[in-house]
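# Summary of structural features
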Amino acid sequence: MSRRRRIYEGKAKVLFEGPEPGTLVQYFKDDATAFNNQKRGVITGKGVLNNRISEYLMTRLGEIGVPTHFVRRLNMREQLIREVEIIPLEVVVRNVAAGSLSTRLGLEEGTQLPRSIIEFYYKADNLNDPMVSEEHITAFGWATPQEIDEIMQLALRVNDFLVGLFLGIGIRLVDFKVEFGRLWDNEQMRIVLADEISPDCCRLWDIDTNEKLDKDRFRRDLGGVAEAYQEVARRLGILPEGGPRDLKGPQTMQ
Ligand code: ADP
Ligand code: MG
């Protein structure tokens, strides 16, 4: 496995060439970054947990008809995915005010929004992922108006489903970020959910205590980061066998 050709190394994951054309292997690292790489750290076991959590959520979403890039999990830290042409947007769906929305609009964190709000950010680390409008997206050709419509519909379906799923395990889905890509089947192009869905890119608050169970624990130095991710996995019923001791997982990549 370590002989696979490395295609891309990002902040949280590494992409390797997959076993067949059109596939990739996504390796989940323990590295954590925040504020566009200004803050860095390692959260031991995070990669194993995110691999599991993303597998679980993508599978459940696939079952309700949301097209995703996920094929199957290969081991503790790797999953097989379909290679897509990533649309260079971070699509954020918000249900409750937090983070940059609270700062920008002066809303107290935790304020329920009048309805779910979708925001687009241009994926460009060197520019700090600036927020963009549909005008920018179409003018610069990042996506067509039809693709934007499809992305928004998918994002809202993902949101509706995940809000319910998390509510069932006592967690409030405050907001999350997803990425979409283009997948060609012969001449037909489909927009599919790509990247990952994990506590790295969601805000998850305990419904009773408002305790944060996501990457804000790392961003804000709250401690107990790995424990929070573990708690999410535990409530989803997918804590790796052997429990937390297993979380370092095999180091299949060096
Ligand atoms: P980054 O630091 O760019 O966010 P990550 O560490 O998250 O990178 O690694 C994942 C990278 O792979 C991201 O750039 C993401 O857009 C890309 N990606 C995710 N899913 C797919 C896919 N199915 N096909 C191709 N690229 C993908
Ligand atoms: Mg990323």
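Attention here is on the structure that accompanies the text. (Residues numbered from 1 in each chain as written. Chains lettered and ligands numbered in written order. Predicted model: local features only at pLDDT ≥ 70, side-chain atom pairs only at ≥ 80, totals over all residues. Heavy atoms only, no water.)

### Considerations on the packing of helix H1 (residues 46-63) against helix H6 (residues 225-236)
Put simply, the test is: Fitted lines through C-alpha atoms give the axes, limited to the stretch in contact for helices. The angle between two N-to-C directions lies from 0 to 180 degrees. Secondary structure elements follow DSSP: runs of H or I of four or more residues count as helices, runs of E of two or more count as strands, with numbering from the N terminus. Any angle from 65 to 115 degrees is called roughly perpendicular, while one under 35 is roughly parallel, one over 145 is roughly antiparallel, and all others are oblique. Here a crossing is taken to be left-handed if its near helix is turned anticlockwise relative to the far helix by less than a right angle, and right-handed if that turn runs clockwise. Here a residue-residue contact requires only that any non-hydrogen atoms of the pair lie within 4.5 Å. Only Asp, Glu, Lys and Arg are considered charged in this grouping, and only Ala, Val, Leu, Ile, Met, Phe, Trp, Tyr, Cys and Pro are considered nonpolar; every other residue, Gly among them, is considered polar.
Contact geometry for H1 and H6: axes closest at 10 Å, N-to-C directions at 30°. Between H1 and H6, the angle falls in the class roughly parallel. Crossing handedness for the pair H1 and H6: left-handed. Contacts between H1 and H6 involve Lys-46, Leu-49, Asn-50, Ile-53 and Tyr-56 on the former and, on the latter, Ala-226, Tyr-229, Gln-230, Val-232, Ala-233 and Leu-236. For the contact of H1 with H6, the residue count by class is eight nonpolar, two polar and one charged.

### Quick look at the layout of surface pockets
In plain terms, the rule: Here a cavity denotes grid points, spaced 1 Å and computed from the protein atoms alone, that fit a 1.4 Å probe unable to get out, and a pocket denotes an open set having protein on both sides within 12 Å along at least 5 of 7 lines; residues with an atom within 4 Å of a point are the lining. Grid points are joined across faces, edges and corners, and a volume is the space filled by probe spheres set on the points.
Approximately 1500 Å³ is the volume attributed to the largest pocket. Taken together, 49 residues line the largest pocket, and the ones lying closest to its centre are Lys-11, Glu-90, Asp-129, Lys-177 and Glu-179.

### A short note on helix H4 (residues 145-167)
This is how the line gets drawn: Expected helix span is computed as 1.5 Å times (number of residues minus one). Under the scheme applied here, a residue whose accessible area is under 20% of the maximum for its type counts as buried, over 50% as exposed, and between as partly exposed, the area being computed with a 1.4 Å probe on protein chains only.
Taking 1.5 Å of rise per residue, the 23 residues of H4 would be expected to cover 33 Å, and the 33 Å separating its terminal C-alpha atoms lies within 8% of that figure. Here H4 has its buried residues at Glu-147, Ile-148, Ile-151, Leu-154, Ala-155, Val-158, Asn-159, Leu-162, Leu-165 and Phe-166.

### Some remarks on the packing of H1 against H4
Two numbers describe how H1 lies on H4: the axes approach to 11 Å, and their chain directions differ by 120°. With respect to each other, H1 and H4 are oriented oblique. The element H1 and its partner H4 pack so that their crossing is right-handed. Where H1 approaches H4, its residues Tyr-56, Leu-57, Arg-60 and Leu-61 are matched on the opposing element by Val-158, Phe-161, Leu-162, Leu-165 and Phe-166. Within the contact of H1 with H4, the residues separate by chemical class into eight nonpolar, no polar and one charged.

### Overview of the nonpolar core
Taken as a class, soluble globular proteins show a tendency for nonpolar side chains to be buried jointly. Applicable threshold: Definition of nonpolar core: a set of buried residues of the types Ala, Val, Leu, Ile, Met, Phe, Trp, Tyr and Cys, connected through side-chain atoms within 4.5 Å.
Residues Val-91, Phe-120, Phe-166, Phe-180, Leu-193 and Ile-197 are the most contacted members of the largest nonpolar core, which totals 49 residues. Counting residues per element, this core draws most heavily on H4, at eight residues. Sequence-distant contacts of Leu-193, that is, excluding residues within four places in its chain, are made with Met-58, Leu-61, Val-66, Pro-67, Thr-68, His-69, Val-158, Val-178, Glu-179 and Phe-180. Ranked by size, the runner-up nonpolar core spans five residues in total, among them Val-14, Val-25, Tyr-27 and Leu-80.

### A look at the site of ligand 1
Operational definition: Neighbouring residues are identified by heavy atoms, a residue being near a molecule or strand if any of them is within 4 Å of it. In the analysis that follows, any N or O atom pair within 3.5 Å is treated as a polar contact, provided that within protein one partner can donate a hydrogen and the other can accept it, and provided that, for residues neighboring in sequence, both atoms belong to side chains. Only the protein chains shown count as cover for residues, with accessible areas throughout obtained via the Shrake-Rupley method and a probe of 1.4 Å. Cavity and pocket membership follows a simple rule, namely that a molecule belongs there if more than half of its atoms are within 2 Å of the grid points.
Around ligand 1 sit 18 residues, and of these Tyr-8, Lys-11, Ala-12, Lys-13 and Glu-179 come closest. One of the side-chain nitrogen or oxygen atoms of Glu-179 is found 2.6 Å away from an oxygen atom of ligand 1. Relative to its unbound accessible surface of 550 Å², ligand 1 loses 90% to contact with the protein. The pocket occupied by ligand 1, as judged from atoms lying within 2 Å of grid points, is the largest pocket. Of all the elements in the fold, those that place two or more residues in the shell around ligand 1 are strand S2 (13-17), strand S3 (23-28) and strand S7 (78-82).

### A few points about the pattern of salt bridges
This is how it is decided: Whenever Lys or Arg places a side-chain nitrogen within 4 Å of a carboxyl oxygen from Asp or Glu, that contact is recorded as a salt bridge.
The final tally for this structure, using the stated rule, is 34 salt bridges. The salt bridge partner of Glu-196 is Lys-13, with a shortest N-O separation of 2.6 Å. In this pair, Glu-196 sits in the loop between strand S13 (188-194) and strand S14 (202-206) while Lys-13 sits in strand S2, placing the two residues 183 residues apart along the sequence. Neither residue differs from the other here; Glu-196 and Lys-13 are each classed as buried. Between Asp-200 and Lys-46 there is a salt bridge whose closest N-O contact spans 2.6 Å. Pair noted here: Asp-200 is in the loop between S13 and S14 and Lys-46 is in helix H1, with a separation of 154 residues, a long-range link. Lys-46 shares its class with Asp-200; the two are buried. Through salt bridges with shared partners, one network takes in Arg-94, Arg-104, Glu-109, Glu-119, Asp-175, Arg-203, Lys-212, Asp-216, Arg-219 and Arg-220.

### Observations concerning H6
An ideal rise of 1.5 Å per residue puts 16 Å on twelve residues; H6 measures up with 17 Å between its terminal C-alpha atoms. Within H6 the residues assigned to the buried category are Val-225, Ala-226, Ala-228, Tyr-229, Gln-230, Val-232, Ala-233 and Leu-236. Where H6 is buried, its residues touch H1, H4, strand S12 (171-185), S14 and helix H5 (216-219). Gly-237 lies just past H6 and shows a positive phi near 80°.

### Some thoughts on the side chain of Lys-212
Within the element layout of this structure, Lys-212 appears in the loop between S14 and H5. Classification of Lys-212 by relative accessible area gives buried; the value is 15%. Setting aside residues up to four positions removed in sequence, Lys-212 forms contacts with Glu-109, Leu-204, Trp-205, Arg-217, Arg-220, Leu-222 and Ala-228.

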